Amino acid sequence: MLISIESLLDVPIMSLQTGTQLAETTAVIVDPRQLTIAAFYVEGPGLEVSPSILHPADIRELSDIGIIVDDADKLMSLDGLVRLQEIIDFDFELVGLKVVDEHKRKLGKVSGYSIETGDYTIIQIYTEQSLLRSLSTMSNTIHRSQIISVSNKQMVVQAPTVREEVKQVAKDARQAFVNPFRGGTLPPTD
């Protein structure tokens with residue numbers, strides 16, 4: 001199931017064992033190498049260390065009352081998490097990242113994204129234009145299969161293309177259409 005990342009931020013984390021709220025999500029850690037959610041930052045008064053982290057693999061269920069985990073042991077300190085620290089050191093922030101196509105045309109900046117809840121893979125990227133460009137251009141939705149490369153500075157995606165056959169069909173259709181209100185003679189009336 002696809003879900004917007006905004007719906008997973010500032011969400012209570014509930015303990016299945018005690019039925020109480022343990023913390024709430026505050027931010028995500030995105031692995032730019034695979035475009036997946038590596039972990040969530042969580043904070044709350046009941047935590048021994050703040051901020052702590054929650055791995056997506058430790059999420060039992062997403063519910064209307066929040067994220068459900070087995071118990072408080074699933075919320076961990078950053079200490080000793082070597083592989084996760086490597087991802088954190090990338091200092092990668094997806095929202096706000098500049099998006100260009102392979103021809104270097106600016107498509108805007110990432111405004112949000114949706115993930116697959118089964119494996120927390122980022123599936124769709126949403127972009128927005130600057131205020132001036134947004135008056136003439138709509139925002140884009142980019143599927144992960146269109147992404148060519150990702151760095152801390154920009155995301156490069158495939159340029160939208162139209163095959164030559166489609167262009168020819170469109171040209172033929174325009175030429176076959178006769179507008180009786182634009183020049184030429186009017187078609188005969190019965």
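Report on the accompanying structure. All values reported here derive from a predicted model rather than from experimental measurement. (Residues numbered from 1 in each chain as written. Predicted model: local features only at pLDDT ≥ 70, side-chain atom pairs only at ≥ 80, totals over all residues. Heavy atoms only, no water.)

1. Brief notes about the packing of aromatic side chains
Next, step 1: Across all of its chains, the model carries one aromatic pair by this definition.
Next, step 2: Pairing phenylalanine 40 with tyrosine 120 gives two aromatic rings, centres 6.4 Å apart and planes at 85°, and the pair type is edge-to-face. Taken together, the residues span a long stretch of sequence, with phenylalanine 40 in strand S4 (residues 36-43) and tyrosine 120 in the loop between strand S10 (106-116) and strand S11 (121-128) at a distance of 80 residues. The same class applies to phenylalanine 40 as to tyrosine 120, namely buried. (Phe/Tyr/Trp six-rings, centres within 6.5 Å; stacked < 30°, edge-to-face > 60°. Helix = DSSP H or I, 4+ residues; strand = E, 2+ residues; numbered from the N terminus. Buried < 20%, exposed > 50% of the residue type's maximum accessible area, 1.4 Å probe, protein only.)

2. Some details on the environment of glutamate 48
Next, step 1: Within the element layout of this structure, glutamate 48 appears in the loop between S4 and strand S5 (52-54).
Next, step 2: C-alpha separation for the pair glutamate 48 and methionine 76, spaced 28 residues apart in sequence, amounts to 9.1 Å.

3. Structural notes on the pairing of strand S3 (residues 21-31)
Next, step 1: Across three bridges, the pairing between strand S2 (residues 12-15) and S3 is antiparallel. Looking at S3, one finds that methionine 14 is bridged to glutamine 21.
Next, step 2: Counted between consecutive antiparallel strands, the loop separating S2 from S3 contains five residues, among which glycine 19 sits at a positive phi close to 75°.
Next, step 3: Sheet analysis places S3 next to S4, joined by seven bridges and oriented antiparallel. By the bridge assignment, glutamate 24 is partnered in S4 with glutamate 43.
Next, step 4: Connecting S3 to the next strand, S4, in antiparallel fashion are four residues, including leucine 35 with a positive phi near 50°. (Pairing = 2+ DSSP bridges.)

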